[in-house]
Amino acid sequence: MKRKLRSILWLTAAIVLALGGLFKVSDELLPARELTADTAVHFIDVGQGDAALLLSGGQAVLVDAGTAQSAESLVSYLQELGVTELYAAIATHPHADHIGGMAQVIEAFPVEHFYLGAETTNTATYERMLDALEERDVPVSVPTPGEELVFDSGASVAFLGPADDVPADNLNNRSLICLFRAGEQDVLLMGDAESEAEQSLLAHYPSLRCDILKVGHHGSSSSSSIEFLRTVQPSTAVISCGVDNDYGHPHEETLENLSLAGVDDVRITAQSGTIILPLNPSSSSKENAA
C-alpha cells in the first residue's frame, strides 16, 4: 500500500502521454463569475523559488511551495494569515525550487485537492512530497487542459496547459499553467514554462489575456518572449526570484521584453519581498507588502 500513489501516478503519466493526441484544448474559456467575497493573490517570497497563494471567500489555494530551505517560513506565513486548511495545492512541476516545501505544507494543513503534472521524477524532494500525500491520504489529480477548480466565491482556477504538443523532454515546459479568474481580473501563472510552452499556449488560446502575469521561470531569458507578452497584455508582471541568485534572474532580456510589451508595473520578490495584489472588484488599487 505504501507504493500505491506512486503506481497510480506512473500509470496516469503513461495514459496521458499515450493518449496525448486525444486531448483537445479549446480557445473558449468559461465565462468569469461574479465574485462574492474579497479575493487576493500573494506572491510569497521564498528566495530562488516559486510560491503563490490564491485567496477568495475564505478558501486558499497554494500554487507551488518554494524550496526546502523556505518551507518553515512559508508554513509560518500561511498560519499568520489565518489559513487553517487548503482548498487545493498545485505542484506545477517536480523541480525542487517549486515543490521543496510541499511536504511540510501537506503535513501542516489539511488539503482537499492536490494537482500535479503527469511527469514524475525519482528525486528525494519528490519522494518526500509523495510520502506526505500518502500519509495524509490527500486525493491527487493530474489535470487536463481546460479543467477548472471553482471557489465558493465564484473565483476559479483553470488549467490551460501543458497541451499534448509540448514535448516531455523539458520539465520546465511541462509546467502546469494556471489562470486564476477573479471576476473581471485574470492572473496567469506560468510556472517555469519557457518559450516553446508559450507558443503552444498561444496556439490553443490565441485570445488569452491577463491582468497580472506571474512571469515564467523566474525571469529567465528562456521565457517571456515578446510575442507572448504582447499577446497576453498584462498590466502587472511579478517575478519570483532570490536576492543575488546564481542564475542572474531576472535576465535583462526579460526586463527589456516586458518594457517593449508595455508592461510598466514589474514587481520582483528579490527587491520587494512578498507581493500582495488584492483582486476585489470594488477596489482598483494594488498593494505591495514586504
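Analysis parameters
Going along each chain's sequence as written, the residues are numbered from 1 onward. Two thresholds apply to this predicted model, a pLDDT of at least 70 for residue-level local features and 80 or more for giving and counting side-chain atom pairs, whereas whole-chain, interface and lining totals are computed over all residues. Working from all heavy atoms in the structure, the side-chain values ignore hydrogens and water. Think of it in three bands: residues with accessible area under 20% of the maximum for their type are buried, residues over 50% are exposed, and the middle band is partly exposed, with areas taken using a 1.4 Å probe on protein chains only. Secondary structure elements are defined from DSSP: runs of H or I of at least 4 residues count as helices, runs of E of at least 2 residues count as strands, and each element is numbered from the N terminus. Any pair of residues with heavy atoms lying within 4.5 Å of one another is described as a contacting pair. Strand pairing requires that DSSP identify at least two bridges connecting the strands. Confidence scores here are pLDDT values: one per residue, from the predictor, ranging 0 to 100. Throughout, an axis means a line fitted to C-alpha atoms (over the contacting stretch in the case of helices), and angles, computed between N-to-C directions, take values from 0 to 180 degrees. Centres within 6.5 Å are what make two rings of Phe, Tyr or Trp a pair, Trp counting through its six-membered ring; a difference in plane orientation under 30 degrees is then read as stacked, over 60 as edge-to-face, and the rest as tilted.

### So, helix α6 (residues 195-204)
Link 1 in the chain: Along α6, the positions that sit buried rather than exposed are A197, E198, S200, L201, L202 and H204.
Link 2 in the chain: Buried residues in α6 make contact with β8 (156-161), β9 (177-182), β10 (185-189) and α7 (226-232).

### As for the pairing of β9
Link 1 in the chain: Judged by how many residues are buried, β9 sits mostly within the fold: six of six residues are covered.
Link 2 in the chain: By the alternation rule, side chains of β9 split into I177, L179 and R181 and C178, F180 and A182, which are all buried.
Link 3 in the chain: Here five bridges tie β8 to β9, and the two strands are oriented antiparallel to one another. Within β9, the position partnered with A158 by the bridge is L179.
Link 4 in the chain: Direction of pairing for β9 relative to β10: antiparallel, over a ladder of five bridges.

### With respect to the confidence of the model for the chain
Should the pLDDT be low somewhere, the predicted coordinates at that spot are not to be read in detail.
Link 1 in the chain: In the predicted model, the chain carries a mean pLDDT of 89, and the fraction of residues at 70 or more is 85%.
Link 2 in the chain: This model gives residues 14-24 a pLDDT under 50, and the stretch forms ten contacts once residues within four places in sequence are excluded.
Link 3 in the chain: Here residues 282-290 is modelled with pLDDT under 50, and outside its nearest four sequence neighbours on either side it reaches 25 contacts, counting other chains as well.

### Looking at the sheet that holds strand β11 (residues 212-214)
Link 1 in the chain: Spatial strand order, β7-β8-β9-β10-β11-β12-β13: seven strands in an open sheet with mixed pairing. Across the chains shown, the open sheet's two edge strands, defined by having one partner strand only, are β7 (148-150) and β13 (265-268). Put simply, the sheet's adjacent strands are angled 15° from each other on average, direction ignored.

### So, the sheet that holds strand β4 (residues 86-91)
Link 1 in the chain: Pairing within the open sheet is mixed, and its seven strands lie in the order β6-β5-β4-β3-β2-β1-β14. Each of the sheet's edge strands pairs with one partner strand only, and the pair in question is β6 (140-141) and β14 (275-278).
Link 2 in the chain: The pairing of strand β5 (residues 111-116) with β6 spans two bridges and is parallel. The partner of F114 across the bridge, within β6, is V140.
Link 3 in the chain: Sheet strands touched by helix α5 (residues 124-135): β4, β5 and β6. Its angle to β5, the strand with the most contacts, is close to 145°.

### Focus on the packing of aromatic side chains
Link 1 in the chain: As enumerated under the stated definition, the model contains three aromatic pairs in all.
Link 2 in the chain: Look at Y115 and F159: their rings are 4.8 Å apart centre to centre, the planes differ by 45°, and that puts the pair in the tilted class. Of this pair, Y115 sits in strand β5 while F159 sits in strand β8; the two residues are 44 residues apart in sequence, bridging distant segments of the chain.
Link 3 in the chain: Since its relative accessible area comes to 1%, F159 is described here as buried.
Link 4 in the chain: Both rings, one in F151 and one in F180, keep their centres 5.7 Å apart while their planes meet at 50°; by these two values the pair is tilted.

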